[in-house]
Amino acid sequence: MREQLEAYLKGRFGESVQIHDFRRLGAGVHGTGFLLEVKTERGIVSYVLKDLAPEGLGHDYPSDRAAVFLLAYDEYGKLPSHIRAIDVIAKKEDGTIKSVSGGTEYFLLMEKAEGISYFNDLERFAGMTSLQEIDRMRIDALSNYLAKIHSVKKESRTLYWRKIRDTIGHGECLMGVFDSYPDGTLSFEEMAKIEKKSVDWRARLKLKEYRLSQIHGDFHPGNIWFKNESEFTLLDRSRGPWGEPADDVTALTINYIFFSIKHYGTVKDAYLEALNLFFERYVAKTGDSEIYRVLQPFYAFRGAVVANPVFYPELNREQRERIFRFILNILDSEVFDPSKVNDYIT
């Protein structure tokens, strides 16, 4: 790393600089510090190069650690008597070191998806008493896909616990979604009731770290674009590659429930068939009947999403209340039974 670091320094400060000393200062609980002494035309200048431990405290993925350092770069110099941050650097796959600091905003450049969003299928289900063959083919394709990626397992109590914690407390998940609700949608006390029940589920799920699996992380219909009868492209993998399979399963299946409530006020016809068919095929392929005993807080999060007026302003008050009843009843249920979904919303 010393050679690559010196190449970076020459590009950053000029060709005349050289590394005089580079050594570890000591390993702490949260990370490591390195002493970096650089020969310049002004003499030897000393810096500290900091990294973070790669697991725990929400620093599990490289993007987590990047976020910590980018925030530090932005804020160190704004507080009186605080040391300055000089740069944020990244070690690339080829070993080179590049600066990534100084952005006022960041963007992701990605491929353009081709196909039709699965939301179109869900809207089409309205008025259908049963699924068409293409719908069953697509549910089979979706359950096959999740069964395949969820078969990849990883041993890490830290990452499993993180997924449960993030589902309840992350800014993009349950508590963060509630904080985005317009005033008057749901009282703070009603939100807290759902949050407290979800926290109780956290204690139960902590014992199930063996379930940690490869996941997509945001497997909802807007991120699923079908190219033909059964082939699809995915968008927007979110919040880390490892987690609880129920995260993906509920992200998809809450929409069979939500769209049916939106159109009928209950879950029936093609929507009910789709819900039952997905679970039937997913459990048959994975053997994961335990999923009915772990998905409750994930349904709470996904239910809070579809009940959010910011995302779905077309819902009326009664429809939202049915979703909130679904959330509360699910959180009070030891085992979820898809065939009895209407019992949870009444």
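Engineer: Explanation requested: the environment of Pro182 in the structure shown.
Structural biologist: Within the secondary structure, Pro182 is located in the loop between α6 (174-179) and α7 (188-205). Taking the C-alpha atoms as reference points, Pro182 and Asn308, separated by 126 residues in sequence, lie 8.4 Å from one another. If sequence neighbours within four positions are ignored, Pro182 has contacts with Asn308, Pro309 and Val310.

Engineer: Can you help me understand the sheet that holds strand β6 (residues 116-117) in this one?
Structural biologist: Consider a sheet: its strands pair through backbone hydrogen bonds, and that pairing is either parallel or antiparallel. Pairing is antiparallel in the open sheet, where 3 strands are placed in the order β6-β8-β9. Strand pairing shows two members of the sheet lacking a second neighbour, β6 and β9 (232-234), which therefore form its edges. Inspection of the sheet shows β6 paired to strand β8 (residues 224-226) by 2 bridges, in the antiparallel sense. Across the sheet, Ile116 pairs through a bridge with Phe226, a residue of β8. Of the strands in this sheet, β8 and β9 are in contact with helix α4 (residues 133-150), which crosses β9 at around 45 degrees.

Engineer: What is the right way to read the packing of helix α5 (residues 157-169) against α7 from this model?
Structural biologist: For any two helices packed against each other, one specifies the crossing angle of their axes together with the interaxial distance. Running from N to C, α5 and α7 cross one another at 175 degrees; their axes reach a closest spacing of 10 Å. In terms of orientation, α5 and α7 fall into the roughly antiparallel class. Together, Tyr160, Ile164, Arg165 and Ile168 of α5 and Ser198, Val199, Arg202 and Leu205 of α7 make up the contact between the two elements. The class makeup of the residues in the contact of α5 with α7 is 5 nonpolar, 1 polar and 2 charged.

Engineer: Would you take a moment to explain the environment of Asp21 for this structure?
Structural biologist: With respect to the element layout, Asp21 can be found in strand β1 (residues 18-27). Setting aside residues up to four positions removed in sequence, Asp21 forms contacts with Arg2, Leu35, Leu36 and Glu37.

Conventions we followed
Residues numbered from 1 in each chain as written. Predicted model: local features only at pLDDT ≥ 70, side-chain atom pairs only at ≥ 80, totals over all residues. Heavy atoms only, no water. Helix = DSSP H or I, 4+ residues; strand = E, 2+ residues; numbered from the N terminus. Contact = heavy atoms within 4.5 Å. Pairing = 2+ DSSP bridges. Axes fitted to C-alpha atoms, helices over the stretch in contact; angles between N-to-C directions. Parallel < 35°, antiparallel > 145°, perpendicular 65-115°, else oblique. Nonpolar A, V, L, I, M, F, W, Y, C, P; charged D, E, K, R; others polar.

Nothing here speaks to function; it is all geometry.
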